[in-house]
Amino acid sequence: MHPISIGRVSLPNPVLLAPMSGITDAPFRRIAASLGAGLVISEMTACAALAEGNGIARRRAEDHGAGLHVVQLAGCEARWMAEGARIAEDGGADIIDINMGCPAKSVTNGASGSALMRNLDHALTLIEAVVKAVRVPVTLKMRLGWDDVSRNAPELARRAEAAGVRLVTVHGRTRCQFYKGRADWAAVRAVKDAVSIPVAVNGDIESFDDADAALAASGSDAVMVGRGAQGRPWFPGQLARYLATGKREAPPPLGEQLALVSALYGEMLGLYGRDVGLRHARKHLGWALDAAAATSGTPEHLLKAQRGRVLTATDPVIALRGLAEAYDAFENFRHPEVAA
């Protein structure tokens, strides 16, 4: 694949880590970037909350300290989108991403996220406000449309490019599909054909074969990995190297996986504090255990037992000890002679 640029910003590779609320916080982005992801994007940040100095919004927009810093903004009013973008830029953002793809009712009921695809004229006022407010490149994430009757992603992409957007990402589902069925990568080709800026295809990219199929079907310039990176922060980097060389790397050894999740756990406790950090980290520990079990071929009953021990721990020391014991059990299952 060819290198791509977002305006004047060149990417090291065309594999992007998707913004995921409650998941792509600074610690997770930092690890994924250090393992080779070409671009990592913040959790969706409410622009009005950011402008008002809300602590959670400010934390979401903080630089993760490794590679390019991208802040994704959501909102429904041009003045707040512009102000949020200015604050993000002042905070060191290299790129501002606009969310017009989130399907959650809590977002769309507020006329934000993918609800904006129901009113492209209003959506364009937000895009134009952000582009005018900052000097850094602006990107846009969207879905195919609100529903199958209104698949208007090509029109939105075309108008966004004319307004100054430098890359668009398209999730291959409509809003009304949420995450049901399979992403329609082929439908993204109409967006690629409508614009001259780079296009990233998103949705259900969880393997090397998925990436090959998504790129072939969509004609896109880049891939964005979301749920495929949960518990596997190394996967975007591995995928980038595969697209460059054709080499399919195996998952890291279990010892490396344990070191990664333990480091992530420690960083999350440091960021959020013990009590909040424990709650935030629990899903990451569960996904990491799932990935480790898949690597070792551990049966479901053993995985379930280990998950129960680790995810119910309320003391970080006990949780880390349980993690280490779980990975040992997985390793011993894979190589029973070690335990003999």
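My aim in this report is to walk through the structure given alongside it, one point at a time. Only a predicted model underlies this, so the values are computations on that prediction, with no experimental measurement involved.

The next subject is the state of the cysteines. Tallying each qualifying case throughout the model produces zero disulfides. Counting only cysteine sulfurs, Cys47 is the nearest neighbor of Cys76, a cysteine outside any disulfide, at a range of 7.4 Å. Overall, the relative accessible area of 26% leaves Cys76 in the partly exposed class. Left unpaired, Cys102 is separated from the closest cysteine sulfur, that of Cys176, by 13 Å. The class of Cys102 is buried, set by a relative accessible area of 14%.

Moving on: helix H1 (residues 26-34). Among the nine residues that make up H1, seven are buried, leaving the element largely enclosed by the rest of the structure. Buried within H1 are the following residues: Ala26, Pro27, Phe28, Arg29, Ile31, Ala32 and Ala33. Of the residues flanking the end of H1, it is Gly36, one or two places downstream, whose phi is positive at about 115 degrees.

How two helices sit against one another is set out by the angle between their axes and by the gap between those axes. Contact geometry of H1 with helix H11 (residues 254-272) gives a least axis separation of 9 Å together with a crossing angle of 145 degrees. Considering only the axes of H1 and H11, their crossing is right-handed. Across the interface between the two elements, Pro27, Phe28, Arg30 and Ile31 from H1 touch Leu260, Leu264, Glu267, Met268 and Leu271 from H11. A breakdown of the residues in the contact of H1 with H11 according to their chemical character gives seven nonpolar, no polar and two charged.

Here is what the cut-offs are and how they apply
- Residues numbered from 1 in each chain as written.
- Predicted model: local features only at pLDDT ≥ 70, side-chain atom pairs only at ≥ 80, totals over all residues.
- Heavy atoms only, no water.
- Disulfide = S-S within 2.5 Å.
- Buried < 20%, exposed > 50% of the residue type's maximum accessible area, 1.4 Å probe, protein only.
- Helix = DSSP H or I, 4+ residues; strand = E, 2+ residues; numbered from the N terminus.
- Axes fitted to C-alpha atoms, helices over the stretch in contact; angles between N-to-C directions.
- Left-handed = near helix turned anticlockwise from the far one by under 90°.
- Contact = heavy atoms within 4.5 Å.
- Nonpolar A, V, L, I, M, F, W, Y, C, P; charged D, E, K, R; others polar.

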